[in-house]
Amino acid sequence: MTGVNAAGVERWVCVIHENVSFGGMELHTDAMLDTLVARGYRIELILNHESSLERLLAAKPERTEVTVVRTAIPGYADTDACSRVAWRKVFGALRSRELILPKGMFNYGSIAFLWECRRWFKRIVYIEHMEAAPLPPKRSRWHYGVLPGVGLWWYRERLVRHARSLFAHRIVAVSDGVKRSLVTRCGYAPVRIEVARNGIDSARYLRSAEAARGIRDRLGIPPGTFVFGMLARLHRQKGIDVALHAFRHLLDTTPGADFRVLIVGEGQEERNLRELSQKLALDSHVQFAGFVPAPAEMLPAFDSILMPSRSEGLPLALLEGMAAGCVPIVTRVGGMVEVIAHASLGWVVEPEDPVALGVAMTSAMRMDETLRETMRECVRQHVREHFELSRTNERLLGALGLVAA
């Protein structure tokens, strides 16, 4: 593939990003930009409002093939009224006729915004990173206490969700779980969705005993303490509150257990989570590390990576943790069950169940060290064989339809 077609014309691709919090979508998008640049594409990257992608762009000033356009226009998220005229002016100044929309949530992209995109771009591709939320229960309202309503709001919401899919020429889901949610909860046509699972460069996450000691010493974690680690946005979706209740269960059922919980990340729920930790008397066991510029560098200090999410796509943090030899404990949501495909790779529990989560954590902590080392090697090999970035990038490019220029 080249960024120049048969007529010698440069290939330009527009990418629009809007997401304040920092997470796997940003890392995925940044890796996608690198891949497209390596294949000769030039990119017009629209950062709308405050974009957490700025952190990664600042680290790569040499990537001159990416032209950044900063905007602050309402309408990309469907919670805002769309300024169609403003978007039209921005699109009119671009060279790109192909558009990629990495969507951190399924409802990104108001109908008015997508309408303007379709007017300008010849080809639109969605990358769906998250499961679609379930539709609320269909309850009819009673008018004046006498006449039952027909629940038109429910049908309208379902129609809007389906209509969003009609503006895309291709839809890429990062896991089968994400695809399934879009089909069952949004009415997307299955044949229009291709799955291209996330991947990582596993060689970057080799486990180092020396690095582990350094991180633990810096954080005041004694040698021999079992560390459950989380790399996550501090958001309700991530289920960290459920994990805190599970930790309380773990303490109550295994008195004297020597473990620590290390939470790496920032987000809107930080204050609430800190207060919950205090309320549950967990302060001596839970550490909030806050924002870390390179969060994956904390992985050598983890014995287990914990993902108690209520909703997910296919989190890069899980793959990174497994590549670093952390035994995984996850919930049965999104694509995580596609990664933890059998019991030799870790524990899968139902979401919103702190007791089941606590039982899994107890099992991981009490595991014989020889068996734990065997599991470590199993999860590392599993990531290398099935989620290596070099392979998953090819699948992504094929799903995007950008393999041949």
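This text goes with the structure placed above it.
Residues numbered from 1 in each chain as written. Predicted model: local features only at pLDDT ≥ 70, side-chain atom pairs only at ≥ 80, totals over all residues. Heavy atoms only, no water.

Quick notes on the nonpolar core
Core analysis: the largest hydrophobic core is formed by 122 residues, its most contacted members being F91, F247 and F302. Ranked by the residues each element gives to this core, the list is headed by helix α8 (residues 240-253), at 8 residues. Ignoring sequence-local partners within four residues, the contact set of F302 consists of R207, V227, G229, M230, L231, L262, V264, C326 and R376. (Core = buried A, V, L, I, M, F, W, Y, C linked by side-chain atoms within 4.5 Å. Buried < 20%, exposed > 50% of the residue type's maximum accessible area, 1.4 Å probe, protein only. Helix = DSSP H or I, 4+ residues; strand = E, 2+ residues; numbered from the N terminus. Contact = heavy atoms within 4.5 Å.)

Side note on helix α10 (residues 316-323)
Most of α10 sits inside the fold, with 8 of its 8 residues counted as buried. Taken as a whole, α10 has its buried residues at L316, A317, L318, L319, E320, G321, M322 and A323. Among the residues trailing α10, G325 stands out with phi positive, at a value near 80°.

Regarding the sheet that holds strand β8 (residues 170-173)
Taken in spatial order, the 7 strands line up as β3-β2-β1-β4-β5-β8-β9 in an open sheet, and their pairing is parallel. Lying at the two open borders of the sheet, with one neighbouring strand each, are β3 (66-71) and β9 (193-195). Taken over all neighbouring pairs, the strand axes of this sheet differ in orientation by 20° on average, direction set aside. In the sheet, strand β4 (residues 98-103) pairs with strand β5 (residues 123-128) via 6 bridges, with the strands oriented parallel. Bridged to L99 within β5 is I124. Each of β1 (12-17), β2 (42-48), β3, β4 and β5 is contacted by helix α1 (residues 24-38), which is oriented at about 170° to β1, the strand it contacts most. The strands touched by helix α3 (residues 84-92) within the sheet are β1, β2 and β3, with β2 carrying the most contacts at an inclination of about 160°. (Pairing = 2+ DSSP bridges. Axes fitted to C-alpha atoms, helices over the stretch in contact; angles between N-to-C directions.)

A look at the packing of aromatic side chains
Inspection of every chain in the model, using the stated rule, returns 9 aromatic pairs. Ring centres of F91 and F121 lie 5.2 Å apart, and the angle between their planes is 70°; this geometry places the pair in the edge-to-face category. With a gap of 30 residues between them, F91 in helix α3 and F121 in the loop between α4 (111-120) and β5 connect regions that are remote in the sequence. One exposure class covers both F91 and F121, and it is buried. Judged by centre distance (6.2 Å) and plane angle (75°), the ring pair of F228 and F259 falls under edge-to-face. A residue pair is termed long-range when its members are at least 10 positions apart, and F228 in strand β10 (residues 226-231) and F259 in strand β11 (residues 259-264) qualify at 31 residues. Each member of the pair, F228 as well as F259, is classed as buried. By way of ring pairs, the aromatic residues Y76, W87, F91, Y108, F113 and F121 are connected into one cluster. Cation over ring: K103 sits above Y126, and NZ or CZ is 4.4 Å from the ring centre. (Phe/Tyr/Trp six-rings, centres within 6.5 Å; stacked < 30°, edge-to-face > 60°. Lys NZ or Arg CZ within 6 Å of the ring centre and 35° of its normal.)

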